[in-house]
Amino acid sequence: MKRLILAALITLVAGLAFADVTVEITSTDPSDGTISNGESAKINWKIDTTASESGTYQVEVGGDGTPGSGEIASSDDATGDFSGSETTGSTTIVAKDDLTDGDGDYTIYVIAIFDVQGEQNSVFASTTIKLDNPPQKPEGFSVGSGEGRLFLNWNAPEDRDIKKVHIGYDTKSHTNADVTIDDYKGTGAKNGNSPIEIEYKENTYILKGLKNGTKYYLRIVFEDEGDKVGEISNERSQMPQEVSGLADLTGEKGGCFIATTLFGEDHFVTKTLRALRDKFLIKFDITRALVKLYYRYGPALASYISSKPALKVVFKALFIPLAIVIAPMVGTASAWPYIISAAMIGSIAFALVVWRRR
Amino acid sequence: MKKFLLALALLIVFTAISAWAQEGTEGQPTEQQPAPSAEPQEPKIVKPHATFGFFAGAHVMQDSHWEKIYSNAPVLYLGLTIGLKLIADLELWGEAGYSVDEGSGITPQGQSTSEKYRIHLVPASLGLLYRLKFSENQFLVPFLGGAANLYYFYEGRLESSEKTDGGKLGYSGFAGLQLLLDNADPRAAASMKTDFGIDNTYLFYEFRYSVVNDWGKKEGMDFSSLMHIGGLLFEF
């Protein structure tokens, strides 16, 4: 029994040792391995065996080199047999049929499959084919109007390797068939003179610093990682215009209410609110902005409030309690009267609660 | 609108009458159960002295200018409310909230543009509120009140430094109904009382009419609105 097992092992090891099959990709056409839609690449390969083994081969796109892990290429020469000490062949990779996930690198595996002692074995060699199509024509290109600016929008391109967007603007229309982005020679935008080249990050762009009432004509074009420039978009036109929000529409000036108008320069309330401004409001961005607005619109509001006696009464009623509350915090009043008052009110409240419970 | 107010008023009146009637019979002897002559008195109920609530609601702005920029769709309004009971169920009542809306600027001809505007509103209110509450276990409690309003506003054009902000004064009147939730889950209610000191929990709905335009000032923003508000109110 032991002799039988030993003999079997010797036979197996000997078989494996002699079954030396190698696959080599000898060349590709085109040599840089880059093709675009409508083109194909030819992969030339060679299978060598040391003991004239025979088997089959298949050429797969993607996967990991294990038979069946990728997609077998679509051409007839993607599968076949090999035998003898050397078999050479070539396989065609068709861009539109085999490279279907858009632009990028595709790994092509040439796999030789053969039997050793009844066991299936395989070896492979691989190469990379790059699909690099020129960028598509921008779709969904539209331009919206704004105040001295234009809002450009376009659909997200299907190409995965768009690197730049070239934006052309001009005050003249260009509709000749062989128009390029360089024909657009607009000037004056804060973003720069036409054509403007931007990194592709999103599908919108704002062209600023344009003249209201002037009609602008615009086109865009994509450029990819391979520096290929695609087809130019359709031309769009738009005119920046004066635009109103709610504040403009209603004549709203904004601004805060002015204690000086109500109480005078040296009044306790005025001093308190001034101290609030100096000690707190100017220390934070948002409140500093409020203070700036105060100085911008203050005089106009002051005159308006002073012309309305009813308004003056109402604002005084609002400002006096506010000033009383914040005075000890900003240092325009001693804190002691407040502490004493709070203590008295608290004592009275406590006495009332005790009295009610009894 | 008038029908709605009429219905609300009737509801308040009927609820008040029924609650009053209920109050009147509480603690009185009935024919079937004569009052014991020397029974120990029930523990005295300590009435809540303050309220706190939070809510979500919607402004429906009434100004036509608002509609041109921000459409007439209701604007979400979130806020907090507090009340301090002054006399019986009359409260000194305050509220602070926040709303934000986004719209498109228009040309002088009224055409919409691609310029986007965003407006932030921070309304604050101070006023009086009366709850028609006649017993601590009253299931439906109508309330009404009025308040002075100060709206802080901040409108800015997006992707731009242009902005306007300021304050607007106004007033509002409101009415609503609150629904006592304690009876739905008495154990949870008891837990709220012992753990947090909350005596009653209510679900409430409020209708409010606000006039916020610096008392009729023609120039400037007008935040007058109809509001529908719903939320939770806690009495403690």
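Here the structure is a predicted model, which means the values were calculated and not measured.

### Some words on the packing of helix α5 (residues 268-279) of chain A against helix α7 (residues 309-330) of chain A
Residue and element names in this part refer to chain A. Packing of α5 against α7 leaves a shortest axis separation of 9 Å and a crossing angle of 55°. The orientation of α5 with respect to α7, classified from their angle, is oblique. Considering how the two elements wind past one another, α5 and α7 form a crossing that is left-handed. Packed against α5, whose contacting residues are Phe 268, Val 269, Thr 272, Leu 273, Ala 275, Leu 276 and Lys 279, the element α7 presents Phe 319, Ile 320, Leu 322, Ala 323, Ile 324, Ile 326, Ala 327 and Val 330 at the interface. Considering only residue class, the contact of α5 with α7 consists of 13 nonpolar, 1 polar and 1 charged.

### So, the confidence of the model for chain B
All names here are of chain B. Taken residue by residue, chain B gives an average pLDDT of 82. The fraction at 70 or more is 81%. In this model, residues 1-6 is a region of pLDDT below 50 whose contacts with residues beyond four sequence positions or in other chains number 5 contacts. Note on the complex model: pTM 0.63, ipTM 0.77.

### Topic: the pattern of salt bridges
Taken as a whole and judged by the stated rule, the model has 21 salt bridges over all chains. Across the salt bridge formed by Lys 46 of chain A and Glu 24 of chain A, the nearest N and O atoms sit 3.7 Å from each other. Taken together, the residues Lys 46 of chain A in strand β3 (residues 40-49) and Glu 24 of chain A in strand β1 (residues 21-29) connect sequence positions 22 residues apart. When its relative accessible area of 38% is taken as the criterion, Glu 24 of chain A is described as partly exposed. Across the salt bridge formed by Lys 85 of chain B and Glu 235 of chain B, the nearest N and O atoms sit 3.2 Å from each other. Placement of Lys 85 of chain B in strand β2 (residues 75-87) and of Glu 235 of chain B in strand β8 (residues 225-235) is noted, with a sequence separation of 150 residues between them. Linked by salt bridges that have partners in common, Lys 85, Asp 89, Glu 91, Arg 131, Lys 133, Glu 136 and Glu 235 of chain B make up one network.

### Here we look at the sheet that holds β3 of chain A
All names here are of chain A. Strand order in the open sheet made by the 3 strands is β1-β3-β7, with antiparallel pairing throughout. A single partner strand is all that each edge strand has here, and the edge strands are β1 and β7 (86-94). Neighbour-to-neighbour, the strand axes of this sheet turn through a mean angle of 25°, independent of strand direction. When β1 meets β3, the two strands line up antiparallel, connected through 8 bridges.

### Remarks on the sheet that holds strand β13 (residues 196-199) of chain A
Note: strands within a sheet are paired through backbone hydrogen bonds, in either parallel or antiparallel orientation. Residues and elements named next belong to chain A. Read across the open sheet, the 4 strands follow the order β13-β12-β15-β16; overall the sheet is antiparallel. Single-partner strands in this sheet number two, and they are β13 and β16 (236-238). Pairwise comparison of adjacent strand axes, ignoring direction, gives a mean angle of 30° for this sheet. Taken together, the 4 bridges between strand β12 (residues 162-170) and β13 define a ladder with antiparallel strand orientation. Paired with His 166 across the two strands is Glu 197, which belongs to β13.

### Side note on the interface of chain B and chain A
Counting residues at the interface gives 37 residues for chain B, matched by 31 residues for chain A. Around 2700 Å² of area is buried between chain B and chain A when both sides are counted, 60% of it from carbon and sulfur atoms. The largest share of the area that chain B buries against chain A comes from Ser 114, Glu 115 and Asp 165 of chain B, three residues that together contribute 17% of it. If you look at where chain B meets chain A, you find 14 residue pairs in polar contact (both at pLDDT 80 or more). Breaking the side of chain B that touches chain A down by element, the ones donating at least two residues are α2 (64-70), β3 (90-106), β4 (112-131), β5 (140-157) and β6 (163-180) of chain B. Looking at the side of chain B that touches chain A residue by residue, the class counts come to 14 nonpolar, 11 polar and 12 charged.

### Focus: the confidence of the model for chain A
If pLDDT is low for a region, its predicted coordinates should not be looked at in detail. Mean pLDDT for chain A: 84, with 85% of residues reaching 70 or above. Contacts of residues 11-18 of chain A to residues separated by more than four positions or lying in other chains number 8 contacts, the stretch itself having pLDDT below 50.

### Thoughts on the nonpolar core
Ranked by size, the top nonpolar core spans 31 residues in total, and within it Leu 246 of chain A together with Trp 66, Tyr 70, Ile 119, Leu 121, Met 221 and Phe 223 of chain B carry the most contacts. With 5 residues, the top contributor of residues to this core is β5 of chain B. One finds Val 21, Ile 43, Leu 99 and Val 116 of chain A within the second-largest nonpolar core, a separate group that totals 26 residues.

### Let's talk about the pairing of β5 of chain B
All names here are of chain B. In terms of strand pairing, β4 meets β5 through 15 bridges, oriented antiparallel. Directly across from Ala 124, in β5, lies its bridge partner Leu 150. As paired strands, β5 and β6 are joined by 17 bridges and run antiparallel to one another. The partner of Val 141 across the bridge, within β6, is Gln 178. Linking β5 back to β6 in an antiparallel pair, the connection comprises 5 residues, with Glu 159 at a positive phi of about 55°.

### Topic: α5 of chain A
Structural remark: α-helix, 3.6 residues per turn; residues separated by three or four positions point the same way. For α5 of chain A, with 12 residues, the first-to-last C-alpha span of 16 Å sits near the 16 Å given by 1.5 Å per residue. Taken as a whole, α5 of chain A has its buried residues at Val 269, Thr 270, Thr 272, Leu 273, Ala 275 and Arg 277 of chain A.

### Some remarks on the environment of Val 221 of chain A
Residue and element names in this part refer to chain A. Relative to the assigned elements, Val 221 resides in strand β15 (residues 216-224). Classification of Val 221 as buried rests on a relative accessible area of 3%. Residues contacting Val 221, with those up to four places away along its chain left out, are Pro 138, Lys 164, Val 165, His 166, Ile 181, Val 229, Gly 230, Glu 231 and Ile 232.

### A short note on the packing of aromatic side chains
All names here are of chain B. For the structure shown, the criterion picks out 12 aromatic pairs over all chains. Their ring planes at 55° and their centres at 5.3 Å tell us that Phe 55 and Tyr 77 sit as a pair that is tilted. Of this pair, Phe 55 sits in strand β1 (residues 50-61) while Tyr 77 is found in strand β2, placing the two residues 22 residues apart along the sequence. With a relative accessible area of 1%, Tyr 77 lands in the buried category. Relative to Phe 174, the ring of Trp 93 lies with its centre 4.7 Å away and its plane at 40°, an arrangement referred to as tilted. Of this pair, Trp 93 sits in strand β3 while Phe 174 sits in strand β6, placing them 81 residues apart in sequence.

Parameters and conventions
- Residues numbered from 1 in each chain as written.
- Chains lettered and ligands numbered in written order.
- Predicted model: local features only at pLDDT ≥ 70, side-chain atom pairs only at ≥ 80, totals over all residues.
- Heavy atoms only, no water.
- Axes fitted to C-alpha atoms, helices over the stretch in contact; angles between N-to-C directions.
- Helix = DSSP H or I, 4+ residues; strand = E, 2+ residues; numbered from the N terminus.
- Parallel < 35°, antiparallel > 145°, perpendicular 65-115°, else oblique.
- Left-handed = near helix turned anticlockwise from the far one by under 90°.
- Contact = heavy atoms within 4.5 Å.
- Nonpolar A, V, L, I, M, F, W, Y, C, P; charged D, E, K, R; others polar.
- pLDDT = per-residue confidence, 0-100.
- Salt bridge = Lys/Arg side-chain N within 4 Å of Asp/Glu carboxyl O.
- Buried < 20%, exposed > 50% of the residue type's maximum accessible area, 1.4 Å probe, protein only.
- Pairing = 2+ DSSP bridges.
- Buried area = accessible area lost by both parts, 1.4 Å probe.
- Polar contact = N/O pair within 3.5 Å; in protein donor to acceptor, adjacent residues only side chain to side chain.
- Core = buried A, V, L, I, M, F, W, Y, C linked by side-chain atoms within 4.5 Å.
- Expected span 1.5 Å × (residues − 1).
- Phe/Tyr/Trp six-rings, centres within 6.5 Å; stacked < 30°, edge-to-face > 60°.

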